[in-house]
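Report on the structure
These are the residues of each chain, in order.
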Amino acid sequence: MIEARGLVKTYYDGEREIRPLNGTDFVCSAGEFVLIVGRSGSGKTTLLNVIGGLTRPTTGSVQVVGKDILALSDAECAALRSRNIGFVFQFPGLLSTLSARENVALSGEIAGTTGKHASNERASNLLARVGLGEKADSPPSHLSGGELKRTAIARALMNHPSLLLADEPTADLDGDTEREVMELFREINREGTTIIMVTHNMDIASYASRVVRMEKGKLVPVELVK
Ligand SMILES: Nc1ncnc2c1ncn2[C@@H]1O[C@H](COP(=O)(O)OP(=O)(O)OP(=O)(O)O)[C@@H](O)[C@H]1O
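As annotated in an unreviewed UniProt entry, the protein is ABC transporter related from Methanoregula boonei.

Encoded structure:
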């Protein structure tokens with residue numbers, strides 16, 4: 001599903017060099033649910049964005065769903081993203097003038113995989129699935145933080161992605177809502193979607209099949225005590 005080798009990403013803050021990825025290798029099989037943990041600023045988001053084709057590494061290679069994403073044009077990479085990869089970003093970034101349903105359906109329309117009617121129907125089903133059936137017509141400003149996160153998860157699932165990349169999707173949620181969101185991710189994973197999730201919260205480690213820690217630009221395995 002993912003094979004990333006020798007990733008280096010260098011940023012410059014004035015004269016200062018920052019290297020969040022410094023020879024990172026990451027291999028992930030289809031069906032895994034991997035948590036990436038690590039200190040703030042250790043490069044977790046950078047790695048997720050490189051895997052998702054949103055950030056180009058300085059050097060290294062990345063194969064995702066059998067494609068060398070660094071060899072793709074911007075348009076080819078965007079098409080791969082919209083058809084194969086669902087993103088749940090730390091901040092949901094929903095369009096304020098659209099309802100929850102329209103926000104979710106829009107991903108289908110942009111991908112061009114379904115017409116407007118079918119997109120709306122799938123968006124309604126997904127919102128029901130994340131427990132927001134009755135809020136489908138609400139604009140983002142009428143939704144709570146947890147409801148916005150769940151809308152963003154529904155949006156990420158719109159195009160039947162084989163890979164879901166989630167960046168701290170439960171940050172700022174209360175314990176009960178966090179468990180609900182994690183149960184939902186577990187269900188999605190059991191249905192066959194590979195999930196890579198960045199988190200600060202080791203309490204949710206039991207939901208994952210594997211945990212890795214970002215340390216000094218490389219990933220190290222974390223032993224799970226069951
Ligand atoms: N576009 C950029 N330009 C310059 N520096 C950047 C850029 N993006 C990230 N960085 C730096 O790279 C480092 C890694 O950032 P990243 O967001 O990947 O860390 P993180 O582990 O996800 O952190 P957090 O847990 O706080 O979200 C940080 O020092 C950050 O300041």
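Here the focus is the environment of G41. Assignment of secondary structure puts G41 in the loop between β3 (33-38) and α1 (44-51). G41 sits in the exposed class, given a relative accessible area of 73%. Considering only alpha carbons, one finds G41 and P20, 21 residues apart in sequence, at a separation of 7.5 Å.

So, about the UniProt feature "domain: ABC transporter" (unreviewed entry) in the protein. UniProt marks residues 2-224 with the feature "domain: ABC transporter" (unreviewed entry), using the numbering shown here. Structurally, residues 2-224 comprises 33% helix and 29% strand, and the distance from its first C-alpha atom to its last is 22 Å.

What follows is about the site of the ligand. In the neighbourhood of the ligand, 13 residues make up the surrounding shell, with S40, G41, K44, T45 and T46 lying closest. In this structure, T45 approaches the ligand through a side-chain N or O atom, which is 2.8 Å from an oxygen atom. Within the contact set of the ligand, an oxygen atom lies 2.5 Å away from a side-chain nitrogen or oxygen of T46. Burial of the ligand by the protein chains amounts to 63% of its free accessible area of 640 Å². When contributions to the shell around the ligand are tallied by element, the ones reaching two or more residues are β2 (16-28) and α1.

This part is about unusual backbone geometry. In this structure, H160 takes a positive phi of about 50° despite not being glycine. Mapping H160 onto the fold places it in the loop between α5 (145-157) and β7 (163-167). At K216, a residue that is not glycine, the phi angle is positive and equals roughly 50°. When you line up the elements, K216 lands in the loop between β9 (210-215) and β10 (218-222).

With that out of the way, let us pick up the layout of surface pockets. In this structure, the largest pocket encloses a volume near 460 Å³. For the largest pocket, the lining is made up of 21 residues, of which S82, F87, F89, S107 and R155 are closest to its centre. Elements supplying a minimum of two residues to the lining of the largest pocket: α2 (74-84), β6 (85-88), α3 (100-111) and α5. Examining the composition of the lining of the largest pocket, we find that five residues originate from one element, α2, more than from any other. Considered class by class, the residues forming the lining of the largest pocket number eleven nonpolar, seven polar and three charged.

Criteria and thresholds
Sequence positions are assigned chain by chain, starting from 1 and proceeding in written order. Residue-level local features of this predicted model are given only where pLDDT is at least 70; pairs of side-chain atoms are given and counted only at 80 or more, and the full residue set underlies all totals for whole chains, interfaces and linings. Note that the side-chain values use all heavy atoms of the structure and ignore hydrogens as well as water. Helix and strand labels come from DSSP, where a helix needs a run of H or I of at least four residues and a strand needs a run of E of at least two; each type is numbered from the N terminus. Here the term buried applies to any residue with accessible area under 20% of the maximum for its type, exposed to any over 50%, and partly exposed to those in between, with areas from a 1.4 Å probe on protein chains only. UniProt positions are given in the numbering used here, feature names are shortened, and annotations may be inferred rather than shown by experiment. The near set for a molecule or strand comprises every residue that places at least one heavy atom within 4 Å of it. As used in this structure description, the phrase polar contact means that two N or O atoms lie within 3.5 Å; if the pair is within protein, one of them must be able to donate a hydrogen and the other to accept it, and residues adjacent in sequence are counted only when both atoms belong to side chains. All accessible areas in this document rest on Shrake-Rupley with a 1.4 Å probe, and a residue is counted as covered only by the protein chains that are shown. For cavity detection a 1 Å grid was placed over the protein atoms alone, and a set of points counts as a cavity when a 1.4 Å probe fits there but cannot get out; an open set counts as a pocket when protein lies on both sides within 12 Å along at least five of seven lines, with lining residues being those that have an atom within 4 Å of a point. Grid points are joined across faces, edges and corners, and a volume is the space filled by probe spheres set on the points. Residues are sorted three ways: Asp, Glu, Lys and Arg are charged, Ala, Val, Leu, Ile, Met, Phe, Trp, Tyr, Cys and Pro are nonpolar, and all the rest, Gly among them, are polar.

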